[in-house]
Amino acid sequence: MQRTARAFWLRSPGHGEIRPAPLNGPAAGEVLVRTRYSGVSRGTETLVFRGGVPESQHATMRAPFQDGDFPGPVKYGYLNVGRVEEGPPELLGRTVFSLYPHQTRFVVPASAVTPVPDTVPAHRAVLAGTVETAVNALWDAAPMIGDRIAVVGAGMVGCSVAALLNRYPGVRVQLVDADPEKAGIAEALGVDFALPEKAADGLDLVVHASATEAGLARSLELLDPDGTVLEMSWYGDRRISLPLGEAFHSRRLVVRSSQVGAVSPARRSRRTYADRLALSLDLLADPAFDALITGECAFDELPAVMPRLASGDLPALCHRVRYDDAENPV
């Protein structure tokens, strides 16, 4: 018997809708998952919603279980927490995380889901994909004990990086953002906060995650000689300019990219994507990460909420989507 779920689709840039989604299976080696929560990554997903993915990046930006193509119609998303209703005995009834879009129920290979530890509540586990990005960034950056570090940009990714850096021995970390209201989030994470013009300089490392030209330029200004900016921002179809004159060369500064799509080269020989995601879920046992979830709506409200998230009318870091039983018809 074929069953039907419902999924959120971007019909065209700026316009979303909920569509029926036929379900088959699960076959051997697959699981049927009923979604409990999904998360909207305000940076990447709202860029997709606005139609801002450059044509040259359409293949690179595909989500693992994306349907359709950019700029639309497309079913996009990658922060999903649900309960396994059918599948192998070892997964049956387990709460799992997967890189699946916003959909009430879905079927995927059992290898595509990761059990959520008992120490992590389902409502917080939607952050696993973002914390995974932060883990990979720190594998790329390789901070050392006692380093002086700033994270410029207090979005989902920047806050996740700052929260993890705060666990490093002897590290001084400051979260920098142009929005003074982000000071409360920094306090919840246990890190210092500064506006860009007040940020401490003389740094060994700056992690840039503001996705702004001004933020990247300020990141370079904050470095000590031989310091590094780890660039985590993705600018989509926007071009930015960078001050590579002045003292950039004489101070021997470094700008290095970090890409979550592949495991850091420093760890590639002995770590897998599954290792990275499992570690991220373990780290989410810390309730401080709850500060990154700044809004919630029901699944049926998502077509009206996404335009507000994309325009900035509804400020958010991670916006959580709630799926009630009534939203999951058989």
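Residues numbered from 1 in each chain as written. Predicted model: local features only at pLDDT ≥ 70, side-chain atom pairs only at ≥ 80, totals over all residues. Heavy atoms only, no water.

Structural notes on empty space enclosed by the protein
A complete count under the given rule lists 1 cavity of 30 Å³ or more for this structure. Computed from the structure, the largest cavity encloses a volume of approximately 80 Å³. Taken together, F8, W9, L10, E45, V48, F49, V74, Y76, H102 and M306 form the lining of the largest cavity. Mapped by element, the contributors of at least two residues to the lining of the largest cavity are β1 (3-12) and α1 (44-50). (1 Å grid on protein atoms, 1.4 Å probe; cavity = no way out; pocket = protein on both sides within 12 Å on 5 of 7 lines; lining within 4 Å. Points joined across faces, edges and corners; volume = space filled by probe spheres on them. Helix = DSSP H or I, 4+ residues; strand = E, 2+ residues; numbered from the N terminus.)

A look at the side chain of K75
The residue K75 is located in strand β5 (residues 74-75) in this model. Side chain to side chain, K75 and Y100 meet in a polar contact 3.3 Å long. Within the structure, the side chain of K75 is placed 2.7 Å from the side chain of Q103, a separation counted as a polar contact. Once residues within four sequence positions are removed from consideration, K75 is found in contact with A7, F8, W9, F65, Q66, D67, Y100, P101 and Q103. (Polar contact = N/O pair within 3.5 Å; in protein donor to acceptor, adjacent residues only side chain to side chain. Contact = heavy atoms within 4.5 Å.)

A word on unusual backbone geometry
The linkage connecting G25 with the following residue, P26, adopts the cis geometry, with an omega of 10°. Each neighbour pair has its own omega, and for G72 with P73 the value is 0°, a cis peptide bond. If you trace the backbone, P73 turns up in the loop between β4 (67-68) and β5. Backbone geometry places D226, a non-glycine residue, at a positive phi of 70°. Along the chain, D226 falls in strand β14 (residues 223-231). Of the residues examined, D226 reaches a relative accessible area of 51% and is grouped as exposed. For E246, which is not glycine, the phi torsion reads 45° and is therefore positive. Residue position: E246 is located in the loop between β14 and β15 (254-257). Given the relative accessible area of 82%, E246 is considered exposed. (Buried < 20%, exposed > 50% of the residue type's maximum accessible area, 1.4 Å probe, protein only.)

Considerations on the packing of aromatic side chains
One pair of aromatic rings is described through two measures. These are the centre distance and the angle between the planes. Throughout the structure, instances matching the rule amount to 5 aromatic pairs. For the ring pair Y100 and F106, a centre distance of 4.0 Å and an interplane angle of 5° mean the geometry is stacked. Aromatic rings pair up to connect F65, Y100 and F106 into one cluster. Over the aromatic face of W9 sits the side chain of R19, whose NZ or CZ is 4.7 Å from the ring centroid. (Phe/Tyr/Trp six-rings, centres within 6.5 Å; stacked < 30°, edge-to-face > 60°. Lys NZ or Arg CZ within 6 Å of the ring centre and 35° of its normal.)

As for the packing of helix α3 (residues 128-141) against helix α4 (residues 156-165)
Axis separation between α3 and α4 bottoms out at 8 Å; the angle between their running directions is 60°. Classified by the angle their axes make, α3 and α4 are oblique. As α3 packs across α4, the resulting crossing turns out to be right-handed. Here T130, V131, T133, A134, V135, A137 and L138 of α3 come into contact with α4, specifically with M156, V157, S160, V161, L164 and L165. Across the contact of α3 with α4, the residue classes break down as 10 nonpolar, 3 polar and no charged. (Axes fitted to C-alpha atoms, helices over the stretch in contact; angles between N-to-C directions. Parallel < 35°, antiparallel > 145°, perpendicular 65-115°, else oblique. Left-handed = near helix turned anticlockwise from the far one by under 90°. Nonpolar A, V, L, I, M, F, W, Y, C, P; charged D, E, K, R; others polar.)

Functional significance is not addressed by these values, which are geometric in nature.
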